[in-house]
Amino acid sequence: MTPIEQVLAKLPEATSSGDGWAAHCPAHVDRQPSLSISTAGDGKVLLKCHAGCPTEEVVAALDLTLAELFPRAANHQWSGAKEKGPACETAGEVVAYLESKLGKATQKWRYRDATGEVVGLVVRWTRSDGTKDIRPVSRLADCWRAAAMPPPRPLYNLPDLAAAERVVVCEGEKAADSATALGFVATTSAGGASSAAQTDWSPLAGKTVWILPDNDEPGRKYAAAVASTVQALTPPSVVKIVEIPDLPDKRDLANWVSARIAERPVAPADEPAIYKAMIEELAARVEPEPAPAGDEPYRPFPVEALPEPVATLVRRAATAIGCDPAYVALPLLSGLAAADGTSRQIELKPGWAAPAIVWTVVVGESGTQKTPAFQLALRPFRARETRAMVRHAAATKAHDAELARRPAAAGRGRKTAASESPIGKPPAPACERFVVGDTTVEALAPILLDNPRGLLVARDELATWFGSFDRYAGKRPAGSDAANWLSMFNAEAVTVDRKTGTPRTIHVPRAAACVTGGIQPGVFRRALGEEHRESGLAARFLVCWPPRRVRLWTEAEIDPAAVVAVDRVVDRLYDLKAATGDDGEPCPHSVRLSPDAKARYVAYYESHAVEHNELTGDLASAWSKLEEYAARLALVVHCTRWAADDSSLADPETLDGASMAAGICLAAWFKNETRRVYALLTETEIACARRQLFEWFQRRKDPATAREVQQGCRWLKTAADAEAALEDLARSGAGLWEEVVPTEKGGRRTRRFRLTRSI
């Protein structure tokens, strides 16, 4: 059969159209024929999908190879249609069948699953004239055949990848073998440069990935496709694309190694180390690939940046509750900052000191376990509040008894001392407070006046905090509440004029309030869209929005020892004493930076400034606050290490490099999360629907038919709606259709949709 006869045999419904034929494209759901078929003068078949499917995908869907679109040379031993051949019990039988047609194979590469079992082969024949023929062999449901492995295909050398921290990705098995011979852990994907999307790249999640592309346009496209795919994993990979210099056109790593050996022969035993060092030197000069703009993946909260015993509690609580660690970590960070209060500030340079004030908000829908995590994180602070209330009740009772006793004493004729005169009667005992829920400035001001150390404002649903601005806007000058909260973020003076109560005017010299809570996405979206965004109030929040996860039963419990350890740390933080100013009033004790900490912060400050200069709008506003947040978080870490008796902390008066590194690590995570959350909050209706479907697949973890999607996603009313939504997800590059072959005779073939990468 000629090439055009092979193609038309695969498309029996094709109809004549002009000088060629038209047919439904087999690479996508094609309701109107969009595939044009014609021949060139030399007999080559020309295929074009007007819907945009690459030729490689069309050919693969036809169960052909690109080589079969060309007339075979006379010296090829096997001319004719591609044959899947017989169903065989072993891969060796399939290879033997192919060799009976094509001659002795030149090379064979085995693909294994995670258990090490062979699931596919790539077999190569290299002709004397330099041409090559590559055939896949695959284990299907009940047999082995000469066919491509069904997606998702495993990575080459898959069993070796699990323990590796760094993986080298090449285009093709031969180049991957060369990298392995040099001492790298190396891999590739089956099917050539255009088939990266057919492969399961999840084993590379969180690893350092070096991509060594071939020196041609397909090689560069392959490198870009792999980079974007592994950057979208959870956690994302850190990617470097390392281009080998002086590599001839259409050559790869294997050619480069061969050329180096020919030019400068060395002892065979020394070759791997020498050439590996050369590649490592090249990679050291390459910057990691930036995350795609507007497509920030969720990165796990860096629990390792938290000091002990806080880190242990966050890990174990998240496991026991079944929530993201950020749900526990964020309110705990605000609580620890509130415990430091106005007793400490970090001095970055003369004239620039930052307080330990942290505002955090967790964005999430109902049912995401925000509340249990929030309650656990605030348990030591609320327990302290309860104990203070008991003490205050006892003090108030004693005070009232004393006042009741005095007139009785005077009535018996006892002379009243001057200190017991009505003017000099003892004042009512102040109420020591730690956690408050009332979010109005008018209610908060007298409490702050009695508690100069500062307070933690904690609301499980922080919507009331934002709502309080609108509710009381008519009682005070517009924007006064917002201005007072901006002052409290920096521990500055606040003055409130009240219409009722005594005194009418309350002045708090140093009003400090840490804020934490959860909020529904819609409420936070409105908060960003109104005056709170313009005032910069919303930008002061460290924000996170972890993806929803499927809740699984666990027997894990919250370790009581971890809870007690954090309780002790919190109690000791509250024992920190402020310094005394020249006026005799309490003032923060300044914690200075060690030379190492100063160098780390200056480097962060300058790189952050470059990022800030490229931003506008909401992100620019948030970035202006994240500049100092790295230092504030470092101060919280430093004080917590002191309270936990961290033996590596040399001087409690000096913030060291380890604390600053932790603060910068946390700030970097919040920067990534801020980009991601702000993008989610401003996404279009179409993008929102696409994301919801994507997250449903992430929770499901398995491929699904259109009907299963419609049943699981109630906003998709019909199977047709589900199929249209899946087609949209496929066009975004996030997934693909795969055909499931029935295992029993007479069974029906089904199509399932599978995720391949992040949206």
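Heads up: the structure comes first, above all this text.
Just so we're clear, the structure is a prediction, and the values are computed from it rather than from any experiment. Residues take numbers from 1 onward in each chain, read along the sequence in its written order. For this predicted model, a pLDDT threshold of at least 70 governs which residues receive local features, and a threshold of 80 or more governs which side-chain atom pairs are given and counted, while totals over whole chains, interfaces and linings are taken from all residues. Hydrogens are left out, water is left out, and the side-chain values use all remaining heavy atoms of the structure.

**Student:** How should I be thinking about the nonpolar core in this particular structure?
**Tutor:** Burial of nonpolar side chains together is a common tendency in soluble globular proteins. One finds Phe301, Trp359, Trp465 and Trp485 to be the most contacted residues of the largest nonpolar core, which totals 120 residues. We call two residues contacting when some pair of their heavy atoms lies within 4.5 Å. If sequence neighbours within four positions are ignored, Trp359 has contacts with Ser334, Trp465, Trp485, Phe489, Ala513, Cys514, Val515, Leu537, Arg540, Phe541, Leu542 and Tyr629. Of all hydrophobic cores here, the second largest spans 27 residues; its members include Trp109, Cys170, Ala176 and Ala186. What makes a nonpolar core is a set of buried Ala, Val, Leu, Ile, Met, Phe, Trp, Tyr and Cys residues whose side-chain atoms join them at distances within 4.5 Å. Summary of the burial criterion: residues with accessible area below 20% of their type's maximum are buried, those above 50% are exposed, and those between are partly exposed, where the area comes from a 1.4 Å probe applied to protein chains only.

**Student:** Explanation requested: the pairing of strand 20 (residues 513-519) in the structure shown.
**Tutor:** Helical segments are the DSSP runs of H or I of at least four residues, strand segments are the runs of E of at least two, and each set is numbered from the N terminus. With respect to burial, strand 20 is a largely interior element, seven of its seven residues being buried. Burial of the side chains of strand 20 extends over both faces: Ala513, Val515, Gly517 and Ile519 are buried on one face and Cys514, Thr516 and Gly518 on the other. Here strand 15 (residues 359-363) pairs with strand 20 via five bridges, running parallel. Residue Val363 lies in a different strand from strand 20, and its bridge partner there is Ile519. When DSSP locates at least two bridges between a pair of strands, those strands are taken to pair.

**Student:** When you look at the pattern of salt bridges in this model, what are you seeing that I'm missing?
**Tutor:** Opposite charge on two side chains makes pairing possible when the charged atoms of those side chains draw close. Any Lys or Arg side-chain nitrogen found within 4 Å of a carboxyl oxygen on Asp or Glu counts as a salt bridge. Taken as a whole and judged by the stated rule, the model has 26 salt bridges. Between Arg433 and Glu385 there is a salt bridge, and its shortest N-O distance comes to 2.4 Å. Here Arg433 is found in the loop between helix 12 (379-411) and strand 16 (435-436), whereas its partner Glu385 is found in helix 12, with 48 residues between them in sequence. Taking relative accessible area as the criterion, Arg433 reaches 18% and is therefore assigned buried. Classification of Glu385 by relative accessible area gives buried; the value is 9%. As a salt-bridge pair, Arg391 and Glu432 come within 3.0 Å of each other at their nearest N and O atoms. Of the two residues, Arg391 sits in helix 12 while Glu432 sits in the loop between helix 12 and strand 16, which places them 41 residues apart along the sequence.

**Student:** Just to check I follow, could you spell out the sheet that holds strand 14 (residues 352-355) for this structure?
**Tutor:** What holds strands together in a sheet is hydrogen bonding between their backbones, with the strands either parallel or antiparallel. Spatial ordering of the open sheet is given by 14-13-24-25, a layout of four strands whose pairing is mixed. At either end of the open sheet lies a strand with only one pairing partner, and these are strand 14 and strand 25 (654-655). As paired strands, strand 13 (residues 344-349) and strand 24 (residues 589-593) are joined by four bridges and run parallel to one another. Each residue of the ladder has a partner; that of Gln345, found in strand 24, is Ser590. In this description, a line fitted to the C-alpha atoms serves as the axis of each element, helices being fitted only across the stretch in contact, and the angle between N-to-C directions of two axes falls anywhere from 0 to 180 degrees. Docked against the sheet, helix 20 (residues 617-643) engages strand 13, strand 14, strand 24 and strand 25, running at close to 60° with respect to strand 14.

**Student:** Just checking my understanding: could you explain the packing of aromatic side chains for this structure?
**Tutor:** The geometry of an aromatic ring pair is captured by the separation of the ring centres together with the interplanar angle, meaning the angle of the planes. By convention, a stacked pair of Phe, Tyr or Trp rings (six-membered ring in the case of Trp) has centres within 6.5 Å and planes under 30 degrees apart, an edge-to-face pair has planes over 60 apart, and any other such pair is tilted. In this structure the tally under the stated criterion is 18 aromatic pairs. Between Tyr601 and Tyr604, the aromatic rings sit 6.0 Å apart at their centres with planes inclined by 40°, giving tilted as the arrangement. Residue Tyr601 and its partner Tyr604 are both found in helix 19 (residues 595-613); the two are separated by three residues, about one turn of the helix. Residue classification places Tyr601 among the buried residues on the basis of a relative accessible area of 4%. What makes Tyr604 buried here is its relative accessible area of 5%. Centroid distance Trp696 to Phe697: 5.2 Å. Interplanar angle 85°. Geometry classified as edge-to-face. Overall, Trp696 belongs to the buried group, its relative accessible area being 11%. An aromatic cluster of at least three residues, connected via ring pairs, comprises Trp359, Trp485, Phe489, Phe541 and Tyr629. Lying across the ring of Trp642, Arg572 places its NZ or CZ 4.1 Å from the centre. Placement of a positive charge over a ring is assigned whenever Lys NZ or Arg CZ falls within 6 Å of the ring centre and within 35 degrees of the normal to the ring plane.

**Student:** Sorry, what's going on with helix 3 (residues 91-102) here?
**Tutor:** At 3.6 residues per turn, the α-helix brings residues three or four places apart onto the same side. With twelve residues, helix 3 ought to run about 16 Å at 1.5 Å a step, and its terminal C-alpha atoms sit 16 Å apart, in line with that. Considering only its buried residues, helix 3 is in contact with strand 5 (107-112), strand 6 (118-126), strand 7 (132-139) and strand 8 (144-145). Positive phi appears at Gly103, one or two residues downstream of helix 3, with a value of about 90°. In a helix, the anticipated span is given by 1.5 Å times the number of residues less one.

**Student:** Can you help me understand the sheet that holds strand 3 (residues 35-39) in this one?
**Tutor:** One open sheet holds the four strands; their spatial order is 1-2-3-4, and the pairing between them is antiparallel. Of all strands in the sheet, those with a lone pairing partner are strand 1 (15-17) and strand 4 (45-49), marking the two edges. Direction aside, neighbouring strands of the sheet carry axes that sit 30° apart on average. Relative to strand 3, strand 2 (residues 20-23) is paired through three bridges, and the arrangement is antiparallel. Residue pairing in the sheet places Ala23 in a bridge with Leu35 of strand 3. Helix-sheet contacts for helix 1 (residues 3-10) involve strand 2, strand 3 and strand 4, and the interaxial angle to strand 4 is about 40°.

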